[in-house]
Each structure stands twice: as structure tokens, then as C-alpha cells.
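Notes for the structure review
Read off the chains here:
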Amino acid sequence: MPGNSNIMSSKGRSEALSFHRDLPVPVVIRPMRSARRLRLRFDEIRGVLKLTCPKRMSERTALAWAAEQRGWVEAQMARAMPAEPFLPGSAIPVEGQEVQLTWIEAEARTPRLVGQELVCGGPREAFSKRIESFLRRHALTTLSREAAEFAGKAGVAVRAVSIGDASTRWGSCSAERRIRFSWRLILAPPEARRYVVAHEVAHLVHLNHGSRFKALEAKLFDGDIDAARASLRLVGPRLKRIGRGS
Ligand SMILES: [Zn+2]
């Protein structure tokens, strides 16, 4: 278990953020001469992890250790950052745009996107479930279409596209050419979503992260891939809290 150490803040010094695919938030790594062991703390205000490590330890080793504390990290986050259940009157992002959730009993039970409003009718008890089903369907349609588009560009075929709710991965790809995405990608800005699709489709050709994979991923995405990745990292923690707690 990581300790709750008090870490001195170095005022005025800019801090580089590091990322690990198994950690839901960025990490500020602080090598310290006096540190004998690794210490992890969750900064609730900034939504980052602060990792203190011995001066000589590599960033990679320190990050790998932090990733092993994922259960602890998620518990800290759940305590500090509240879930955002699907409640009438609240707002959620859909394709990166804030949309208001509206419940009007007499309206159709299947939610409809009307401008910046997602309107759902029927019994109040079913509201949350119907909103999530709508988002999952919207995600599956959009992600299937985009996967087919990128696969066509790469000259490969996708066997199946499915939707899930993995806590740490936005997408995964099997050797049988099946791709699985998190439905939460439909909440993200389009460029962030398309980056994940390009990434997984590139895995249909290369089952690794080598240079040929990266070249194909960049060709498929055809845009500022670093900016897309950064935008997903930025919104990711919130997206994972949406629709929970209801
Ligand atoms: Zn990958």
C-alpha cells in the first residue's frame, strides 16, 4: 500500500505529467534525494497523482509501481470525485458537446437528441437505464461505421465490433480481428474517439506498437494524433464517472 506522505510543493516550478495506460489520471513524478522508497498521493484539487521516488530510479520503474496501486488510486478517486448519475436536469457530454438530460413523462420512451437536449419519456424509474441504452446504441453505430471506414483505408476487414465498459481500456483488439470499444467513447470529442478507432484498426494489421504500427495509425487518423490523445487523457477521468451512482 502506498503511504499518504506529505509532499512539499515546489512553487513556481513547472511539472511534467506522465501517463500510464492502467492509471486513470496523470502522474507528477518527483525524484527526491531523501526518498528511500516510493510514495503515492492523490491530489484531489488538481486530479493528479503525485509520485515521489528515489533520485536514481527510472521514471518507467516508478510508473510501473504506481500502476500496481490502481485499486488504491480508484478508491481515492471515487471518494474525491463524485459520480455523475443520469438525472433529469443534469448535463453530460455527447460527442464532446454538453447535452442536457430532460425527462418528460408523456414523450416517447426512446430518448431523442433534440439540439442540445436529450429527451426521454416514460416512467421516471427507467430514465437512467434508457439514457445509457441510447448512448450504447449510439456508440455502437458510430464506432462500427468508423472502424469500417478505417479498415477500408487499411485494406483489412473487421470481423466484429462490440461495445463494453472496461475500466481501464478504451478499446481492445483480438487476433481474430474482433474489436471491442468502451461505450463511453461516444461521450468524448470526435477526434479523441477517432484516435482510439484508428489505434485499434491499426492493430488488425500489426499486433504491437512498433514503428510500422505507428505509421499506419497516423495514416489512418490523418490529423494531430498527439492532440487527440491528450484530449482523451484530459476528459477520460470524467467520462468514467458518468452514468454511475444512480
Ligand atoms: Zn495498442
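Further up the page is the structure itself.
Predicted model, so just to flag it, every value in this text is computed and none were measured.

Another point: the packing of aromatic side chains. Taken as a whole and assessed by the stated rule, the structure comprises zero aromatic pairs. Its end group placed over the ring of Phe19, Arg233 keeps NZ or CZ at 4.0 Å from the ring centre.

Attention now goes to the sheet that holds strand β8 (residues 117–120). Reading across from one edge, β5-β6-β8-β7 is the order of the four strands in this open sheet, with mixed pairing throughout. Each edge of the open sheet carries a strand with a single partner, namely β5 (91–94) and β7 (112–114). In this sheet, neighbouring strand axes are inclined to one another by 35 degrees on average, regardless of whether the strands run parallel or antiparallel. With four bridges joining them, strand β6 (residues 97–103) and β8 adopt parallel strand pairing. Bridge pairing in β8 places Gln100 opposite Glu117. Contacts from helix α3 (residues 127–154) reach β5, β6, β7 and β8 within the one sheet, and its direction differs from that of β8 by about 125 degrees.

Turning our eyes to something else, we now look at the pairing of β6. As paired elements, β5 and β6 share four bridges and run antiparallel to each other. Paired with Pro93 across the bridge in β6 is Glu98. The turn joining β5 and β6, which pair antiparallel and follow one another in sequence, is formed by two residues; a positive phi near 50 degrees is taken by Glu95.

Side chains of a nonpolar character, in soluble globular proteins, are inclined to be buried together. Counting 43 residues, the largest nonpolar core has Leu135 and Val201 as the members making the most contacts within it. Those elements that provide at least two residues to this core are β5, β6, β8, α3, β11 (178–182), α4 (190–205), α5 (211–221) and α6 (225–239). Top element by residues in this core is α3. It accounts for nine residues. Leu38, Phe42, Ala62 and Trp72 belong to the second-largest nonpolar core, a separate cluster that totals 19 residues.

When we look at burial in α5, the residues that qualify are Phe213, Leu216, Glu217, Leu220 and Phe221. The buried residues of α5 occupy an angular sector of 125 degrees when projected down its axis, which confines them to one face. Opposite the packed face of α5, turned more than 90 degrees from it, sit the exposed residues Ser211, Arg212 and Lys219. Looking at the packing, one finds that the buried side of α5 touches α3, α4 and α6.

The rules behind these values
Residues numbered from 1 in each chain as written. Predicted model: local features only at pLDDT ≥ 70, side-chain atom pairs only at ≥ 80, totals over all residues. Heavy atoms only, no water. Phe/Tyr/Trp six-rings, centres within 6.5 Å; stacked < 30°, edge-to-face > 60°. Lys NZ or Arg CZ within 6 Å of the ring centre and 35° of its normal. Pairing = 2+ DSSP bridges. Helix = DSSP H or I, 4+ residues; strand = E, 2+ residues; numbered from the N terminus. Axes fitted to C-alpha atoms, helices over the stretch in contact; angles between N-to-C directions. Contact = heavy atoms within 4.5 Å. Core = buried A, V, L, I, M, F, W, Y, C linked by side-chain atoms within 4.5 Å. Buried < 20%, exposed > 50% of the residue type's maximum accessible area, 1.4 Å probe, protein only. Arc of directions from axis to C-beta.

Just distances and angles here, no functional claims.
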